[in-house]
Amino acid sequence: QVQLVESGGGLVQPGGSLRLSCAASGSIFSINVMGWYRQAPGKQRELVAAITGSGKTNYADSVKGRFTISRDNAKNTVYLQMNSLKPEDTAVYYCNADQVRVGVTIFFDSWGQGTQVTVSS
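Residues numbered from 1 in each chain as written. Predicted model: local features only at pLDDT ≥ 70, side-chain atom pairs only at ≥ 80, totals over all residues. Heavy atoms only, no water.

Draft legend 1. Structural detail: the pairing of strand β7 (residues 67-72). Every second residue of β7 is oriented toward a common face, the buried set being F67, I69 and R71 and the non-buried set T68, S70 and D72. For β7 and strand β8 (residues 77-82), the ladder comprises six bridges, and the chain directions are antiparallel. Pairing of F67 across the sheet is with M82, part of β8. Counted along the chain from β7 to the antiparallel partner β8, the turn is four residues long, and its residue N76 has a positive phi close to 50 degrees. (Buried < 20%, exposed > 50% of the residue type's maximum accessible area, 1.4 Å probe, protein only. Helix = DSSP H or I, 4+ residues; strand = E, 2+ residues; numbered from the N terminus. Pairing = 2+ DSSP bridges.)

Draft legend 2. Broad picture of the sheet that holds strand β3 (residues 18-25). Ordered in space as β1-β3-β8-β7, the four strands form an open sheet in which the pairing is antiparallel. The sheet is open, and its two borders are formed by β1 (3-7) and β7, each paired with just one other strand. Taken over all neighbouring pairs, the strand axes of this sheet differ in orientation by 15 degrees on average, direction set aside. (Axes fitted to C-alpha atoms, helices over the stretch in contact; angles between N-to-C directions.)

Draft legend 3. Representation of the pattern of salt bridges in the model. Applying the stated rule across the entire model yields four salt bridges. Linking R38 and D89 is a salt bridge whose minimum nitrogen-to-oxygen distance equals 3.0 Å. Here the residue R38 occupies a position in strand β4 (residues 30-39), and D89 occupies one in the loop between β8 and β9 (91-102), the gap between them amounting to 51 residues. Residue class for R38 comes out buried when judged on its relative accessible area of 7%. D89 is paired through a salt bridge with R66; the nearest N and O atoms lie 2.8 Å apart. Taken as a pair, D89 in the loop between β8 and β9 and R66 in the loop between β6 (57-59) and β7 lie far apart in primary sequence, 23 residues in all. Residue classification places R66 among the buried positions, given a relative accessible area of 10%. Salt bridges here are not isolated pairs; linked through shared partners, they connect R38, E46, R66 and D89. (Salt bridge = Lys/Arg side-chain N within 4 Å of Asp/Glu carboxyl O.)

Spelled out as structure tokens, the structure:
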């Protein structure tokens, strides 16, 4: 079993910053890809950013230059530094971990419970 626990969401004014964290717990040997998705009311869940175990990153066009994803493999933790936040960044942000190896078992597509990010004046 893999559990992902997110933290760091909240209310911030436009132009402000927030840092999200997501820690994976369990007897984890390795995690291939970790990422952040978001879902705004009435919209589909979308990829925000992802990072491989070797540090290769991928970003949605809407956040390039403003958000930075990073991870600490020793802590099985992924971070999302969000700068220059806009009202349209308001959403529930979900952590995702894909291909998590626990012993001889590989778990695909594990999700956190989500953390609310609200950008408003």
